[in-house]
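Read off the chains here:
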Amino acid sequence: MSGTTTDFDAIVIGSGFGGIYMLHKLRNELGLTVRAFEKGGGVGGTWYFNRYPGAKSDTEGFVYRYSFDRDLLQEWDWSTRYLEQSAIEEYLNHVVDRFDLRRDIQLDTEVTGAAFDESRNVWRVRTGDGGEFTSRYLVTALGLLAKTNIPAIPGIDRFAGTLTHTNAWPADLDITGKRVGVIGTGSTGTQFIVAAAPVAGHLTVFQRSPQYVVPSGNGPVEQAEVDETKRNFDAIWDQVRNSVVAFGFEESGVEAGSVSEEERERVFQENWDKGNGFRFMFGTFADIATNPEANEAAAAFIRSKIAQIVTDPETARKLTPTEVYAKRPLCNEGYFETFNRDDVTLVSVRENAIEEITPAGVRTADGVEHELDVLVLATGFDAVDGNYRSMDLRGRDGTHIDEHWSHGPTSYLGVSTHGFPNMFMILGPNGPFTNLPPSIEAQVEWISDLIASAERDGVAAVEPTRQAEDGWTELCATIADMTLFPKVESWIFGQNVAGKTSTVMFYMAGIGAYRQKLAEVRGAGYEGLTMHRGAAAAAV
Ligand code: FAD
Ligand code: NA7
């Protein structure tokens, strides 16, 4: 990290996929002075912190990467269908070095507060080590799945073994031969369970909600396939950017009810064999996420697989979900098979609640104390707005973000919010619900264009009107209500965190429609945004 300057054109918070690309755009392309702050000890965001056994992407590797630079696409290979945490961390470090970004990323530095100073149209940014900085633009790339959710289970501080959240996995924690417990069976928990079972001495899974999990189809990828994919990258990214979920497959246009039962089963089986959770939900039929009957057909297919795979009927019963299939779709290799192992125990905490964590382990309502050496919290995240509320973030008139978002987090286009001028969010509330790197790229490029235009036109401060923000919020709610997703509780609506307001937090009409909307707004001279002109901006 270079220099002792404290005044910048722009400050970026975070150094995951979002922060890295934003720094590149603003510094290398727009020529602004930029500092990125990162509270972690390395770059990569999600892929720096999530080092638990089994941590990997559930987006296929060929589209879990940046697409903005054709050379970068050609020079980075992959050898498995999904990318291990270490491979993604290595890739993001490569990107940082390739674009010479490291010197402007200040690691181990948490931004504790940022306030908009209206008298000068600058952001005043404070860091945990007492640093004070100013910038005209503030880009928050804080991560939407980055603030850990630690459940308030009695006795959680008394555990004598090793207690860790998956998002804070200690580099030196080895579970080989140990008695391991895991609370949580979401995307993270299921990944951990599959990877931990063969190495742990015994694994006890504390499951609250059973899950619909389909195979991922993970495995090695031959170099010839990598080369072929690279040759096709132009067409691949064109398809991704104009698709719905951006996962690198064509979404189905066929309604489940329009074909015979045999054909439905054939399609489900074909996609079960190919693997991938999003493919199973969006690539089989067009209406799995919107039509209760289509949804039940997919759910019933997965339930039938659980019954076939799991040998103990009681374990199979506990593992079988009954609710609507409408959480972020999960995939994994051998998830249900794992419960056939003698060294894996399933505890349904819906039926047998966790009473307390004791120094020795976890005591459940039936009086059993499950003795453990390691207890893993795979309990997810305070998603989307969690990291915003952790900072003392204040806009005009000193208004705190908690006050502004007292009814739940909102935004205009997922990137800006009224009363917080010149603050741009990457993956802010009501951004697209997709494979995320392509959506991050769309947002970073749009923000960068807007800043370039503001610089050119002498705009001192830009922010959305309240009306534009309300309109976007309403649109996102309307779209979400057309789907079945609001029918089940999950982090997508903030229902996983005790006391959090349940609200719509995503734009669910897909990346193609989202990109089109961004282009329309830009084409209409940044409709919905107010440009405040004045000399103050230059006076930093
Ligand atoms: P992050 O990578 O979360 O980075 C945010 C950074 O901001 C962090 O490094 C954090 O330390 C930093 N930060 C936050 N607050 C502050 C502060 N106050 N001061 C300083 N620094 C701060 N998405 C997919 O599309 N496909 C997948 O397969 C997929 N798999 C995932 C698997 C796991 C285990 C998890 C947790 C998430 C997964 N995601 C996946 C979502 C993933 O988070 C995104 O794909 C992407 O990595 C987000 O990048 P980001 O830069 O927006 O945020
Ligand atoms: P998730 O999907 O929020 O899963 C968290 C899991 O933890 C889920 O099974 C929860 O059960 C469970 N949980 C949470 N609190 C408790 C308590 N108090 N007791 C028992 N069980 C609990 O988080 P993930 O990290 O798996 O995945 C989040 C996203 O990150 C994922 O979609 C990927 O994109 C990466 P519940 O289902 O709420 O009943």
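Residues numbered from 1 in each chain as written. Chains lettered and ligands numbered in written order. Predicted model: local features only at pLDDT ≥ 70, side-chain atom pairs only at ≥ 80, totals over all residues. Heavy atoms only, no water.

(A) Representation of the side chain of D69. Topologically, D69 is positioned in the loop between β3 (56–60) and α3 (70–75). You can call D69 buried: its relative accessible area is 18%. Looking at D69, its side chain comes within polar contact range of the main-chain nitrogen of D71, at 3.0 Å. Those residues in contact with D69, other than ones at most four positions away along the chain, are R98 and F99. (Helix = DSSP H or I, 4+ residues; strand = E, 2+ residues; numbered from the N terminus. Buried < 20%, exposed > 50% of the residue type's maximum accessible area, 1.4 Å probe, protein only. Polar contact = N/O pair within 3.5 Å; in protein donor to acceptor, adjacent residues only side chain to side chain. Contact = heavy atoms within 4.5 Å.)

(B) Just the site of ligand 2, in detail. The environment of ligand 2 is made up of 20 residues, and the closest members are T185, T188, R208, S209 and R328. T185 has a polar backbone atom sitting 2.9 Å from an oxygen atom of ligand 2. Take R328: an N or O atom from its side chain is 3.3 Å from an oxygen atom of ligand 2. In the complex, 85% of the free accessible area of ligand 2, which totals 780 Å², lies under the protein chains. Looking at the shell around ligand 2 residue by residue, the classes come out as six nonpolar, 10 polar and four charged. (Near = heavy atom within 4 Å. Areas by Shrake-Rupley, 256 points an atom, 1.4 Å probe, with all protein chains shown as cover. Nonpolar A, V, L, I, M, F, W, Y, C, P; charged D, E, K, R; others polar.)

(C) Molecular detail of the site of ligand 1. Close to ligand 1 lie 37 residues, the nearest being E38, T46, D58, Y64 and L436. Within the side chain of W47, one N or O atom sits 3.4 Å away from an oxygen atom of ligand 1. Separating an oxygen atom of ligand 1 from a side-chain N or O atom of N435 is a distance of 3.2 Å. Look at ligand 1: alone it shows 980 Å² of surface, and the protein chains cover 97% of it.

(D) Highlighting the packing of helix α1 (residues 17–29) against helix α15 (residues 436–457). Running from N to C, α1 and α15 cross one another at 30°; their axes reach a closest spacing of 10 Å. Classified by the angle between their axes, α1 and α15 sit roughly parallel to one another. The element α1 and its partner α15 pack so that their crossing is right-handed. Facing F17, G18, Y21, M22, K25 and L26 of α1, the residues of α15 in contact are P437, I440, E441, V444, E445, I447, S448 and I451. Class assignment for the residues of the contact of α1 with α15 results in nine nonpolar, two polar and three charged. (Axes fitted to C-alpha atoms, helices over the stretch in contact; angles between N-to-C directions. Parallel < 35°, antiparallel > 145°, perpendicular 65-115°, else oblique. Left-handed = near helix turned anticlockwise from the far one by under 90°.)

(E) Structural view of the pattern of salt bridges. Under the defined criterion, the tally for this structure stands at 38 salt bridges. Among the ionic pairs, R396 bridges to E463, the shortest N-O distance being 2.6 Å. Separated by 67 residues along the polypeptide, R396 in the loop between β19 (392–394) and α14 (401–404) and E463 in strand β22 (residues 459–464) bring together distant segments of the chain. Taken individually, R396 and E463 each receive the classification buried, so the pair is uniform in this respect. (Salt bridge = Lys/Arg side-chain N within 4 Å of Asp/Glu carboxyl O.)

(F) Main features of the pairing of strand β7 (residues 122–127). Pairing of strand β6 (residues 111–117) with β7 involves six bridges; the strand directions are antiparallel. Opposite G113, over in β7, you have R126 as the bridge partner. Direction of pairing for β7 relative to strand β8 (residues 132–140): antiparallel, over a ladder of four bridges. Bridge assignment links R126 to a residue of β8, and that residue is E132. Between the antiparallel neighbours β7 and β8 lie four residues, among them G130 with a positive phi of about 90°. (Pairing = 2+ DSSP bridges.)

(G) Focus on the sheet that holds strand β16 (residues 361–364). Sheet architecture is open: three strands sit in the order β15-β16-β17, paired in antiparallel fashion. Each edge of the open sheet carries a strand with a single partner, namely β15 (354–357) and β17 (369–371). Ignoring which end each strand starts from, the neighbouring axes of this sheet average 25° apart. Judged from the three bridges that link them, β15 and β16 form a sheet pairing that is antiparallel. Residue pairing in the sheet places I357 in a bridge with V362 of β16.

(H) Quick look at the UniProt feature "domain: FAD/NAD(P)-binding" (unreviewed entry) in the chain. Mapped onto the present numbering, the UniProt feature "domain: FAD/NAD(P)-binding" (unreviewed entry) falls at residues 9–215. Annotation note: span residues 9–215, helix share 23%, strand share 29%, distance between end C-alpha atoms 47 Å. (UniProt positions renumbered as here; feature names shortened; annotations may be inferred.)

(I) Representation of the environment of Q223 within the structure. Within the secondary structure, Q223 is located in helix α6 (residues 223–231). By relative accessible area, which is 40% here, Q223 ends up partly exposed. In this structure the C-alpha to C-alpha distance between Q223 and D77, which are 146 residues apart in sequence, comes to 8.4 Å.

(J) Layout of the pairing of β22. Most of β22 sits inside the fold, with six of its six residues counted as buried. With five bridges joining them, β22 and strand β24 (residues 529–533) adopt antiparallel strand pairing. When the sheet's bridge partners are listed, A461 is paired in β24 with H532.

(K) Main features of the nonpolar core. Ranked by internal contacts, the top residues of the largest apolar core, which has 137 residues, are F192, L203, Y325 and W446. Once residues lying within four places of it in the same chain are set aside, the contact partners of L203 are V180, V182, F192, I193, A196, A197, D343, V344 and T345. Grouped together as the second largest cluster of nonpolar side chains are 21 residues, I11, I13, L142 and F420 included. (Core = buried A, V, L, I, M, F, W, Y, C linked by side-chain atoms within 4.5 Å.)

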